Amino acid sequence: MSKRSVTDESATPAASPAPASGTPGWLERIFNFSGRGTTMGREMRGGLVTFVTISYILVLNPLVLGGAASADVEGGVLDSIQVASTTALAAGLLTIVFGFVANLPFALAAGLGINSFLAVSMVQQITWPEAMGLVLLNGVVIVILGATGARTAIFNAVPAGLKSAITVGIGMFIAFVGLVNSGFVTRTEGGPPVQLGLSGSIATIPTLVFIVTLLIMAVLLIRKVPGAILIGIVVGTLLALGAEALWNLGASGTDNPGGWHLTVPSLPEQLIAVPDLSLVGAFDPVGAFTRLGPVAALMLLLTLVFMNFFDAMGAMTGLARNAGLARADGTFPRIRHAFIIEGFGAVVGGATSSSSNTIFVDSASGIGEGARTGFASVVTGALFLIAMFFTPLAVIVPMEVGSAALVIVGAMMMVQVADIDWQDFSIALPAFLTVIAMPLTYSIANGIGVGFIAFVVVNALAGKIRLIHWLLWIVAAGFVIYFARTPIEALLG
């Protein structure tokens, strides 16, 4: 595919194919097929491939957010079918709008890093409506930053090594969650914090299904098969259904350690159903501040902003380069439009309880098929809306199969570890602490906070104070308060 930079909407790469003669004129004016050197047919094919590649989120997001395993501080849970419906709705609407407004072949869907953070960390402190309220407020902040141009300024304030470390750390965290939920890693009684399987060995059929599914996905990805993760989920689910039918393993428990974690695979009563959108509007934007106090709630909000901010910026920059649309300075056509719509992804995600929606780097699959315009995104979004009527399929997939996808996505996010300068210890140590703290403390927020504080303190004491942007001082101070909030609250009564 072409790596040529496109400096404006009218630039036409050399030797690019002309659009098909049957392309409607109004579509040509909106999407500029000829200027991007593509055709409507190629865009449709690219949009289809992108959907097939990322449609696993319709299964994975309900697994992460829904069910008893993700109960909030008051015991409240999100219904998996409802999450699947709103996940498809939000992804469909946002991707279509993004295609028309930004005219870029990028798809939006519920981000895996943020949904894991919500399910594992945030709802241990607040309820699901309160968590989704913070997600919505996070989106409002992102929209304002994008509209004013402040987003680029803030992005530039954080050292490149820390940006990469945040992405790598989130990948480690997601992978660790997958390994734990699959039973591949378990707690020990009185020994080391974790161990392999049961008593140091893989002794259960569900965990074996996880391993087989993981290997299938890996092989398909290596062979560059479109939709590799989705195919792996389908095959793994079929294996799980067969295993349950043969051995009747049931749910895992103290008296049945060899059972399925969280979800016992079984066929639903129906495959097609009217979407259940009951979660739309089920958010509380002020409840977290009342429950936790302003300082703790603001730190959770700030963590969401950072996660959304850096993940989306990196994904869009990389995809634009992959599509040959990036300029020499890394920017691309309609960049501000893209930032604003991506910010609305969090607003819509919070409003629908589907978690923050962000740019999916998996969109590279459609770009690889030739997608260069927003028409591919329109096609992808339309397919998401159609998928709303097939959400009962989401409850078939056991956690062991979904966990394999988490590990694969985590491995994909590790690629940015190469962008960290490990020879410069002033960045290597903060980056390392960021990466390692996330999985070991089971918190993305902790990793970001530890990394920022370490960077500011180490560089300040080493005489490199000029390298520290003033915004980092503020953020680091905020994280110090966040980490010390319990004794501070006790001191203040």
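The rules we used
- Residues numbered from 1 in each chain as written.
- Predicted model: local features only at pLDDT ≥ 70, side-chain atom pairs only at ≥ 80, totals over all residues.
- Heavy atoms only, no water.
- Helix = DSSP H or I, 4+ residues; strand = E, 2+ residues; numbered from the N terminus.
- Expected span 1.5 Å × (residues − 1).
- Buried < 20%, exposed > 50% of the residue type's maximum accessible area, 1.4 Å probe, protein only.
- Salt bridge = Lys/Arg side-chain N within 4 Å of Asp/Glu carboxyl O.
- Patch = residues over 30% accessible without salt bridge, like charges linked within 9 Å, V, L, I, M, F, W, Y side chains within 5 Å.
- Areas by Shrake-Rupley, 256 points an atom, 1.4 Å probe, with all protein chains shown as cover.

S.K.: Help me understand helix 17 (residues 399-413) in this model?
M.R.: Between the first and last C-alpha of helix 17 there are 21 Å, a value that for 15 residues agrees with the 21 Å anticipated at 1.5 Å per step. With 13 of 15 residues buried, helix 17 is to be regarded as a mostly interior element.

S.K.: For this particular structure, what's the right way to read the pattern of salt bridges?
M.R.: Throughout the structure, instances matching the rule amount to three salt bridges. The salt bridge involving R291 is made with E74; its shortest N-O contact spans 2.7 Å. Of this pair, R291 sits in helix 12 (residues 287-292) while E74 sits in the loop between helix 4 (57-65) and helix 5 (80-102); the two residues are 217 residues apart in sequence, bridging distant segments of the chain. Residue E74 is classed as exposed on the basis of its relative accessible area, which comes to 57%. Connected through shared salt-bridge partners, E74, E130 and R291 make up one network.

S.K.: Honestly, unusual backbone geometry in this entry has me stumped. Any pointers?
M.R.: Across residues other than glycine, the phi torsion is negative in most instances, and most of the peptide bonds are trans. Its identity is not glycine, yet N248 carries a phi of approximately 50°, on the positive side. Relative to the helices and strands, N248 is located in the loop between helix 11 (228-247) and helix 12. The phi angle at S353 is positive, at roughly 60°, despite the residue not being glycine. With respect to the secondary-structure elements, S353 resides in the loop between helix 14 (335-352) and strand 4 (357-359).

S.K.: Would you explain a nonpolar patch on the surface in this entry?
M.R.: A surface patch of nonpolar side chains, about 490 Å² in accessible area, is lined by L196, I202, L208, V212, I231, V235 and L239. Per-element tally for the nonpolar patch: the top contributor is helix 11, with three residues. With respect to the helices and strands, L196 occurs in strand 3 (residues 194-196). A relative accessible area of 36% means that L196 is categorised as partly exposed.

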